[in-house]
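Listed below are the residues making up each chain.
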Amino acid sequence: MNPLRKIYCRSFQKLFRIAIPFLPYRKPKIVGSVKDLPAIIHKHKCTRVLIITDQGITKLGLTKRLEKALNRDEIPYVLYDQTVANPTTVNVEEALKLYIQNGCNTIIGFGGGSSMDCAKAVGARAVKPDQSLAQMKGILKVHRKLPLLIAVPTTAGTGSETTLASVITDAETRHKYAINDFPLIPRYAVLDPKVTLSLPPFITATTGMDALTHAVEAFIGNSSTIDTRRDALKAVKLIFENIDDAYTHGDDIAARRNMLHASFYAGCAFTKSYVGYVHAVAHSLGGQYNVPHGYANAVLLPMVLREYGSCIHKKLQKLAAAAGVAEKDTPASEAAESFIRAIEEMKVRFQIGNTIPEIQETDIPKLSHYADKEANPLYPVPRLMDDHELEKFYYMLMPEKKTGRDGNLENEGIENSGINKDAVSAEIQKEGNKEERTNE
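As a starting point, this report considers the structure included with it.

So, how was this worked out
Residues numbered from 1 in each chain as written. Predicted model: local features only at pLDDT ≥ 70, side-chain atom pairs only at ≥ 80, totals over all residues. Heavy atoms only, no water. Pairing = 2+ DSSP bridges. Helix = DSSP H or I, 4+ residues; strand = E, 2+ residues; numbered from the N terminus. Axes fitted to C-alpha atoms, helices over the stretch in contact; angles between N-to-C directions. Contact = heavy atoms within 4.5 Å. Salt bridge = Lys/Arg side-chain N within 4 Å of Asp/Glu carboxyl O. Buried < 20%, exposed > 50% of the residue type's maximum accessible area, 1.4 Å probe, protein only. Polar contact = N/O pair within 3.5 Å; in protein donor to acceptor, adjacent residues only side chain to side chain.

### A closer look at the sheet that holds strand β4 (residues 106-111)
Part 1 of the argument: Pairing within the open sheet is parallel, and its six strands lie in the order β1-β9-β6-β4-β2-β3. Each of the sheet's edge strands pairs with one partner strand only, and the pair in question is β1 (29-31) and β3 (77-80). Strand-to-strand twist of the sheet, defined as the mean angle between neighbouring strand axes without regard to direction, takes the value 20°.
Part 2 of the argument: Where helix α4 (residues 64-72) meets the sheet, it contacts β2 (49-52), β3 and β4, and its direction lies at approximately 160° from that of β3.
Part 3 of the argument: Where helix α5 (residues 89-101) meets the sheet, its contacts fall on β2, β3 and β4, and the angle it forms with β3 comes to roughly 165°.

Structure, rendered in C-alpha cells:
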C-alpha cells in the first residue's frame, strides 16, 4: 500500500479507537427462551406486538412457541412473514403499515439477519415517519429511541442481535445500503436453542464458522478493547467446544445453546472492534455471485490468517489456548500454526472446500476494488493491503490453477469441494446472504 495511504488509514483507525470508550455501545440483555417474552413485554408496559420473520421460518413452525406464549398472556400480535433475502424497502413499508394499523409498540425480529435487519428498519421508520430509509443511511442518522426491539436469532452466526446496523436494499434501484446507529441495537436477544434445532448440518457449520470469523477478526485487529478481547476469547472457546456436537447431533440442546452464546459474544466483539479482510473479500463475493456469507468466511479465514504472517502470531497464540489446540506456554509461531491448522481441519470435517467456483478472472480487479473500498480505512486490520494485494485471495479461491499478479501465487483448488448446493440455497434463503454491516 502507498505509504501516504497507510498513514491516512492508521490515523483514521487510531482516532476511532480513541473514541470507542465514549460511544454509547451497549449489549442486549440475554433471554433464554421465547416463553419469557410476555413478562418482558408487560414490564415495559407494552401492549401489542409485531413479529417480523420470513416464510421459511413460519413454514417450519418456529414462531408457534412464541405465538402460544403471547396468546397465553393475552398479548395481541400481528405477524409479518414476507421478509426476503436482503430485505427491501417494500418489506419495511409493508411491515410498518401493519405496525401502525394494529397500534403496535413492540417489534420482534425472528429469524436470520434479514428478519432482524427488517425489524430494525421498521423501528427506525416508526420513530421517524417523515424520513425515508434512504435519508437515514450512513452513520448516526436515527438518533431516536426505538420502540421495544427484541431479536430472536434462529441461527448461531450472524450476530445481528448485537449490532447497530440494518442493511436494506432499495426495491426500485436494487442499491443496498446500511443504516448505522446505536438505537438499532436490540434491547433483548433471545438465545433459545429450540428455535435452532431444525438447522441442517451444513448451515450449522457455516454459520458457526461465520461467528468464529467475527471473533477472530475482532481479536486480531488493532481496535480491540479489554471487553472485546474477553468476548472474542469466550466465543472461540465455546465454538471449538461445541460446533462439532451441534453439527453431528443437531438435537443437542446444550451444544445449540452454547453456539448461540458464542455467536452473541462474537457479535459483541466485532460490533466495537470491527472485522477485517476476510469479511471485505467475502462481501464482494456475496454481492457479485450471491455466495453465502458464512460459507465465504469459512473458506477464506485460514487463507487470510496465513497471509497476515508473524504480526498476528502472539494474538493467535492466545486464541489457540482458548480453543484448546495449544498450551499457554507454546511458542507463538507454533501455537499460531496449530490454530490455523485446526480451522483448516474443521473445514474438512464440515465438507467446506477451498474454492469458490463462481469466480471469473475478469471480475477480480473489480472485486478487489470493492474489498479495498470497504475495508480501508475503516477496518483496523493487523496488516494493511490495497486492492492489488487483495487480488491474490481471489486467485487462491479459483478452482483451476491460476497465477496471481505477482506471478508466484498458485492454487490448484479442489474439484470436489464438498459444497452442498441444496444447503447453500437454503442458507441464502434463511440468512439473506446478509452483510452484517457496512460497519463490518
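### Considering the pattern of salt bridges
Part 1 of the argument: Scanning the entire structure with this criterion turns up 13 salt bridges.
Part 2 of the argument: Across the salt bridge formed by R125 and E93, the nearest N and O atoms sit 2.8 Å from each other. Of this pair, R125 sits in helix α6 (residues 113-127) while E93 sits in helix α5; the two residues are 32 residues apart in sequence, bridging distant segments of the chain.
Part 3 of the argument: Overall, the relative accessible area of 11% leaves R125 in the buried class.

### Here we look at the environment of A254
Part 1 of the argument: By the secondary structure assignment, A254 is in helix α10 (residues 253-273).
Part 2 of the argument: Each C-alpha atom of the pair A254 and L4 lies 51 Å from the other, and the pair is 250 residues apart in sequence.

### With respect to unusual backbone geometry
With glycine set apart, most residues show a phi of negative sign, and most peptide bonds adopt trans.
Part 1 of the argument: With omega at 10°, the peptide bond leading from N376 into P377 counts as cis.
Part 2 of the argument: Inspection of the secondary structure puts P377 in the loop between α15 (364-375) and α16 (387-397).
Part 3 of the argument: Even without being glycine, L140 reaches a positive phi, approximately 60°.
Part 4 of the argument: Assignment of secondary structure puts L140 in the loop between β5 (138-139) and β6 (148-153).
Part 5 of the argument: Relative accessible area serves as the criterion here: at 44%, L140 is assigned to the partly exposed category.
Part 6 of the argument: The backbone of Y274 sits at a positive phi, close to 70°, despite the residue not being glycine.
Part 7 of the argument: One can find Y274 in the loop between α10 and α11 (277-289).
Part 8 of the argument: Since its relative accessible area comes to 8%, Y274 is described here as buried.

### Considerations on the environment of N376
Part 1 of the argument: Here N376 shows up in the loop between α15 and α16.
Part 2 of the argument: With a relative accessible area of 5%, N376 lands in the buried category.
Part 3 of the argument: Separated by 329 residues in the primary sequence, N376 and T47 place their C-alpha atoms 45 Å from one another.
Part 4 of the argument: Discounting residues that sit within four places of it in the chain, N376 has contacts with M1, R5, C9, Y277, L384, M385 and D386.
Part 5 of the argument: A distance of 2.9 Å separates a polar atom in the side chain of N376 from a polar atom in the side chain of Y277.
Part 6 of the argument: Of the polar contacts made by the side chain of N376, one reaches the backbone oxygen of M385; its length is 3.0 Å.

### Observations regarding helix α13 (residues 313-323)
In an α-helix, one full turn covers 3.6 residues, which means residues spaced three or four apart are oriented alike.
Part 1 of the argument: Those residues of α13 that fall on the buried side of the exposure criterion are L316, Q317, L319, A320, A322 and A323.
Part 2 of the argument: Taken together, the buried residues of α13 touch α8 (201-220), α9 (226-248) and α14 (332-349).
Part 3 of the argument: Within two residues after α13, G324 carries a phi angle of roughly 80°, on the positive side.

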